[in-house]
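# An overview of the molecular structure
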Protein chains: 2
Amino acid sequence: MQLNQATDYAFRAVLHLALAGTGQVVEAQSIAREQSIPMRFLLKIMRSLVRGGIVRSYRGVGGGFALARPAQEITLLDVVQAMEGPIRVNRCLVDPRYCSRHWSQHCPVHQALGQVQSALAQALASHTFADLALGVRAGPTRG
Amino acid sequence: MQLNQATDYAFRAVLHLALAGTGQVVEAQSIAREQSIPMRFLLKIMRSLVRGGIVRSYRGVGGGFALARPAQEITLLDVVQAMEGPIRVNRCLVDPRYCSRHWSQHCPVHQALGQVQSALAQALASHTFADLALGVRAGPTRG
DNA sequence: GAATACTATACCCGTAAAGTATAGTTTAGG
DNA sequence: CCTAAACTATACTTTACGGGTATAGTATTC
């Protein structure tokens, strides 16, 4: 029940780009350095974010990465999904092989977890990187 | 971002006991058989639930397991915590070693994930095993 | 006191997380 | 058009953990 390290790094990287400004190209080198992310691992992460349509990449001299759309249109959920695929609290929610034990179609655990999963997705979707960037600029609020 | 198999089994086991009735002793053998859980693995799981104060165990001939308190006082959250420890969406929320990158105390990612985690805990806590048991008895509702 | 049923540790194996390495492709600029 | 900069693709390594099994032990009932 935990996000993995790569996803956490991805949050920092996207926030970094959001702070630079939408469309502003930043090279991996500087993201890695300032966010303390191992360079090669960051590049791997960035490729997932590119595939997910969250950032754009620019190759060659003067290249780098930039947000593919405004920060207020990128949520935590978008990043989690780009990094880890669709969220699923329990594989039984998605793979019928794991849900046919004894109650088959009408399993109450299944139903309850479905609601939990929706709540989780909604919570993740309610935070945009514009909000987060604001949080940084506003200074310490120690939530 | 997924509950593990042991936790899923634990849900089934606790629900099984809830259906038997609070205080009603059921032996592991029959839980394992009816819920399709490997016997020895189930015993391991039950020990976590005992430690977590969710079920009581009875040794010796005629022994087994029973809910330690009424089903309406046991939530999905209780079981998750008994099985996996306190939920934490990101280790940075709990281990300062993982949160001091660049923004140190006032990290906006940290704050946002804190809210997500609260939402998740609340969603899990909103389902009791009395509710789930009702769902079973009510028959297929296909949520 | 023997059979039953849970307890405690410790072990095993496969897979995935986390990170590294090597080779390749695109682009800017001289 | 060649070179260096910067991302891409793939594959590999290492470690940890999930999922499960095995062995020996302890309590309880009859």
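The structure contained in this document is the topic of the report that follows. (Residues numbered from 1 in each chain as written. Chains lettered and ligands numbered in written order. Predicted model: local features only at pLDDT ≥ 70, side-chain atom pairs only at ≥ 80, totals over all residues. Heavy atoms only, no water.)

## Description of the overall build of chain A
Heads up, the rule is: Strands are runs of DSSP state E lasting at least 2 residues, helices are runs of H or I lasting at least 4, and numbering of each runs from the N terminus. The criterion used for residue contact is that any of the two residues' heavy atoms lie within 4.5 Å. We get accessible surface area from the Shrake-Rupley algorithm with a probe of 1.4 Å; when it comes to residues, only the shown protein chains can shield them.
When its secondary structure is counted, chain A shows six helices and two strands. The linear arrangement of helices and strands in chain A, starting from the amino end, is α-α-α-β-β-α-α-α. Counting contacts in chain A only where the partners sit at least 6 residues apart, residues at least 24 apart contribute 65% of the total. With an accessible surface of roughly 6,800 Å², chain A has 48% of that area assigned to carbon and sulfur atoms.

## Side note on the protein's contact with DNA strand D
Definition in use: If even one non-hydrogen atom of a residue comes within 4 Å of a molecule or strand, that residue is called near it. For the purposes of these results, a polar contact is taken to be a pair of N or O atoms within 3.5 Å, where, inside protein, one atom must be able to donate a hydrogen and its partner to accept one; residues adjacent in sequence count only when each atom of the pair is a side-chain atom. Asp, Glu, Lys and Arg are counted as charged, while Ala, Val, Leu, Ile, Met, Phe, Trp, Tyr, Cys and Pro are counted as nonpolar; the rest, among them Gly, fall into the polar class.
Residues in close proximity to DNA strand D total 24 residues, the closest being Ser57(A), Asn4(B), Phe41(B), Lys44(B) and Arg59(B). By atom count, sugar and phosphate contribute 64% of the portion of DNA strand D lying within 4 Å of the protein. Within the side chain of Ser57(A), a nitrogen or oxygen atom sits 2.7 Å from a phosphate oxygen of DNA strand D. At a separation of 2.6 Å, a base oxygen of DNA strand D approaches a polar side-chain atom of Arg59(B). In terms of residue class, the surface near DNA strand D is made up of 10 nonpolar, eight polar and six charged.

## A short note on the protein's contact with DNA strand C
Taken together, 24 residues form the shell around DNA strand C, and within it Arg40(A), Lys44(A), Arg59(A), Ser57(B) and Gly64(B) come nearest. In this structure, a base oxygen belonging to DNA strand C sits 2.6 Å away from a side-chain N or O atom of Lys44(A). Ala28(B) places a polar main-chain atom, nitrogen or oxygen, 3.1 Å from a phosphate oxygen of DNA strand C. Among the residues forming the surface near DNA strand C, the class breakdown is 10 nonpolar, eight polar and six charged.

## Remarks on the pattern of salt bridges
Residue and element names in this part refer to chain A. Threshold: Here, a salt bridge means any side-chain nitrogen of Lys or Arg that lies within 4 Å of a carboxyl oxygen of Asp or Glu. Throughout this description, buried means an accessible area under 20% of the type-specific maximum (1.4 Å probe, protein chains only), exposed means over 50%, and partly exposed covers the range between.
One pass over the full model with this rule turns up six salt bridges over all chains. Asp8 is paired through a salt bridge with Arg12; the nearest N and O atoms lie 3.0 Å apart. Of this pair, Asp8 and Arg12 both sit in helix H1 (residues 5-20), four residues apart, which is roughly one turn of the helix. Judged on exposure class, the residue Asp8 and its partner Arg12 are both buried.

## Structural notes on the environment of Arg51(B)
Position of Arg51(B) relative to the elements: it lies in helix H3 (residues 39-51). Residue classification places Arg51(B) among the exposed residues on the basis of a relative accessible area of 68%.

## Concerning the packing of aromatic side chains
All names here are of chain A. Convention followed: Working definition: rings of Phe, Tyr and Trp (its six-membered ring) pair if their centres are within 6.5 Å, and the pair is stacked with planes under 30 degrees apart, edge-to-face with planes over 60 apart, and tilted otherwise.
Enumeration over the complete set of coordinates arrives at four aromatic pairs over all chains. Residues Phe11 and Phe129 carry aromatic rings whose centres are separated by 6.5 Å and whose planes lie at 45° to one another, so their mutual orientation is tilted. Taken together, the residues Phe11 in helix H1 and Phe129 in helix H6 (residues 129-138) connect sequence positions 118 residues apart. Residues Phe11 and Phe129 agree in their burial class; the two are buried.

## Observations regarding the nonpolar core
For clarity, the threshold we go by: As used in this record, nonpolar core signifies buried Ala, Val, Leu, Ile, Met, Phe, Trp, Tyr and Cys residues forming a set joined through side-chain atoms within 4.5 Å.
Ranked by size, the top nonpolar core spans 92 residues in total, and within it Leu49(A), Val79(A), Phe129(A), Leu49(B), Val79(B) and Phe129(B) carry the most contacts. Filtering out sequence-adjacent residues up to four positions away, Val79(B) remains in contact with Ala10(B), Phe11(B), Val14(B), Leu49(B), Ile54(B), Ile74(B) and Phe129(B).

## Details of the pairing of strand S2 (residues 64-67) of chain B
Residue and element names in this part refer to chain B. To keep it simple, the criterion reads: Being paired, for any two strands, means DSSP has found at least two bridges between them.
Here S2 shows two buried faces, one formed by Gly64 and Ala66 and the other by Phe65 and Leu67. Relative to S2, strand S1 (residues 55-58) is paired through four bridges, and the arrangement is antiparallel. For Ser57, the partnering residue across the bridge sits in S2 and is Phe65. Counted along the chain from S1 to the antiparallel partner S2, the turn is five residues long, and its residue Gly60 has a positive phi close to 80°.

## A closer look at the side chain of Gln35(A)
All names here are of chain A. Mapped onto the secondary structure, Gln35 falls in helix H2 (residues 28-35). Given the relative accessible area of 1%, Gln35 is considered buried. Of note is the side chain of Gln35, whose polar atom sits 2.9 Å from the side chain of His16.

## Re helix H5 (residues 108-125) of chain A
How we decide: What a helix should span is 1.5 Å times the count of its residues minus one.
A rise of 1.5 Å per residue sets the reference length of H5(A), with its 18 residues, at 26 Å; its end C-alpha atoms lie 26 Å apart and thus fit the reference within 8%. Buried residues of H5(A): Pro108(A), Val109(A), Ala112(A), Leu113(A), Val116(A), Gln117(A), Leu120(A), Ala123(A) and Leu124(A), and no others.

## Focus on the packing of H1(A) against H2(A)
Residues and elements named next belong to chain A. Note the cut-off: Axis definition: a line fitted to C-alpha atoms, limited for helices to the stretch in contact. Angles are taken between N-to-C directions and run from 0 to 180 degrees. By convention, the crossing between two helices is left-handed when the near helix turns anticlockwise from the far helix through less than a right angle, and right-handed when the turn is clockwise.
The geometry of H1 relative to H2 is characterised by a closest axis approach of 10 Å and an angle of 115° between their N-to-C directions. As H1 packs across H2, the resulting crossing turns out to be right-handed. For the pair H1 and H2, the contacting residues are Arg12, Ala13, His16 and Leu17 in the first and Ser30, Ile31, Glu34 and Gln35 in the second.

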